[in-house]
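Residue-level structure breakdown
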Amino acid sequence: TVPSSRTIYFKGITIATIGVIVLSFDALLIRLSGISGFQAPFWRALLTGISLTVVFFGRHRNQAIPMLKRGGRTMWTSGILWGLSGLSFTLGVQHAGAANTLVLLSLAPFFAAAFGLIAYNQRPSLVTLIAAAGAIGGIYYMYRNGFGDSNLGSMVYAISTPLLLGINLAYLRRHREMSRVAVS
């Protein structure tokens, strides 16, 4: 049976909620680790890569290698964008702070909608526009008096995270056939 659009929608909401919870703990662990520079992004990427590789090969067994070969440049492009957003997330948490990075991460739907419209002529839904306006309004309200202890230079990492993630989300929406776990 084909799942209904409502089922798919609620599955997406559930996955997004779980993702936000995981990222919140991820940011906290990065800050508590006290590791600086590129050590934290390296270990985060390595351990994420190992765990997702195990999940991917365990789930797809005989089809894993052919799926990776079929992905080609499209999969590599998305994988690089995903990796760069992970790197900027980790560096943003280290330099701009966990709170700043997580709050700015809420701009990802805005960047996804904007990039999708500009690059692929994808019209954003009303719900996406409302979410983007809410995120921009909330961020304006929180940062109207400055960025706290962070300087503008360190905020580049934090703002790069939703920008790269938004570009990748629009790219993945354009290439729906691609396995998201294989990209990772």
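Refer to the structure printed above.
Attention in this report is confined to the structure presented alongside it.

**Here's the deal with the overall build of the chain**
- A count of helical and extended segments in the chain gives eight helices and zero strands.
- Start at the N end of the chain and walk to the C end: the helices and strands fall as α-α-α-α-α-α-α-α.
- Taking 16 Å as the expected radius of gyration for a compact globule of 184 residues, we find that the chain reaches 17 Å, a close match to that expectation.
- By the burial criterion, 33% of the 184 residues in the chain qualify as buried.
- Within the chain, residue pairs in contact and separated by at least 24 positions form 82% of the contacts whose partners lie at least 6 positions apart.

**So, a nonpolar patch on the surface**
- There is a patch of nonpolar side chains on the surface, built from I35, F42, W43, L46, L47, I50 and V54 and spanning about 670 Å² of accessible area.
- Inspection of the secondary structure puts V54 in helix α2 (residues 39–60).

**Thoughts on the nonpolar core**
- Listed in full, the eleven residues of the largest apolar core are F56, A64, M67, M75, Y120, A170, Y171, L172, M178, A182 and V183.
- Of all elements in the fold, only α3 (64–95), α7 (152–174) and α8 (180–183) reach the threshold of two or more residues within this core.
- If we skip the residues at most four places from it in the chain, A64 touches F56 and F57.
- Listed in part, the ten residues of the second largest apolar core include L107, A135, I139 and M155.

**Regarding unusual backbone geometry**
- Positive phi outside glycine occurs at R61, with the angle close to 35 degrees.
- Relative to the elements of secondary structure, R61 occurs in the loop between α2 and α3.
- With a relative accessible area of 61%, R61 lands in the exposed category.
- Although it is not a glycine, N121 adopts a positive phi angle of roughly 55 degrees.
- Relative to the helices and strands, N121 resides in the loop between α5 (108–120) and α6 (126–143).

**Thoughts on α6**
- Between the first and last C-alpha of α6 there are 26 Å, a value that for 18 residues agrees with the 26 Å anticipated at 1.5 Å per step.
- Restricting attention to buried positions, one finds in α6 the residues A132, A135, I139 and Y143. One side of α6 holds all its buried residues, which, seen down the axis, span an arc of 60 degrees. Counted as exposed and oriented over 90 degrees from the buried face of α6: L126, V127, I130, Y140 and Y141.
- Looking at the buried side of α6, the elements it contacts are α4 (98–104) and α5.

**Side note on the environment of V103**
- Tracing the chain through its elements places V103 in helix α4.
- With a relative accessible area of 18%, V103 lands in the buried category.
- In sequence terms V103 and G166 are 63 residues apart; their C-alpha atoms lie 15 Å from each other.
- The contacts of V103, once residues within four sequence positions are left out, are I139, M142 and Y143.

**As for the side chain of T101**
- In this fold, T101 is placed in helix α4.
- By relative accessible area, T101 is classed as buried at 0%.
- If we skip the residues at most four places from it in the chain, T101 touches F89, G92, V93, A96, A158 and T161.

**Considering the environment of A64**
- By the element assignment, A64 lies in helix α3.
- For A64, a relative accessible area of 0% translates into the label buried.
- Spatially, the C-alpha atoms of A64 and T53 are 9.8 Å apart, while their sequence positions differ by eleven residues.

Scoring rules and cut-offs
Per chain, the residues get numbers from 1 upward, laid out in the order the sequence is written. Under the rules for a predicted model, residues below a pLDDT of 70 receive no local features and side-chain atom pairs below 80 are neither given nor counted, while totals for whole chains, interfaces and linings still include all residues. Side-chain figures throughout are based on the complete set of non-hydrogen atoms in the structure, without hydrogens or water. Runs of E in the DSSP output that reach at least two residues are strands. Runs of H or I that reach at least four are helices, and both are numbered from the N terminus. Computation of the radius of gyration draws on C-alpha atoms, with the globule rule given as 2.2 Å multiplied by the number of residues to the power 0.38. For the exposure calls, accessible area comes from a 1.4 Å probe over protein chains only, and a residue counts as buried if that area is under 20% of its type's maximum, exposed if over 50%, partly exposed in between. In this description, contact between two residues means that some pair of their heavy atoms is separated by no more than 4.5 Å. Residues enter patches when their relative accessible area tops 30% and they take part in no salt bridge; the joining distance is 9 Å for like charges and 5 Å for the nonpolar side chains Val, Leu, Ile, Met, Phe, Trp and Tyr. Calculation of accessible area relied on Shrake-Rupley with a 1.4 Å probe; when residues are assessed, cover is drawn exclusively from the protein chains displayed. For this document, the term salt bridge refers to a Lys or Arg side-chain nitrogen within 4 Å of an Asp or Glu carboxyl oxygen. Buried Ala, Val, Leu, Ile, Met, Phe, Trp, Tyr and Cys residues form a nonpolar core when they are joined through side-chain atoms within 4.5 Å. How far a helix is expected to stretch is found by multiplying one less than its residue total by 1.5 Å. Comment: arc refers to directions from the helix axis out to C-beta atoms.

Everything listed is a geometric property; what it means functionally is a separate question.
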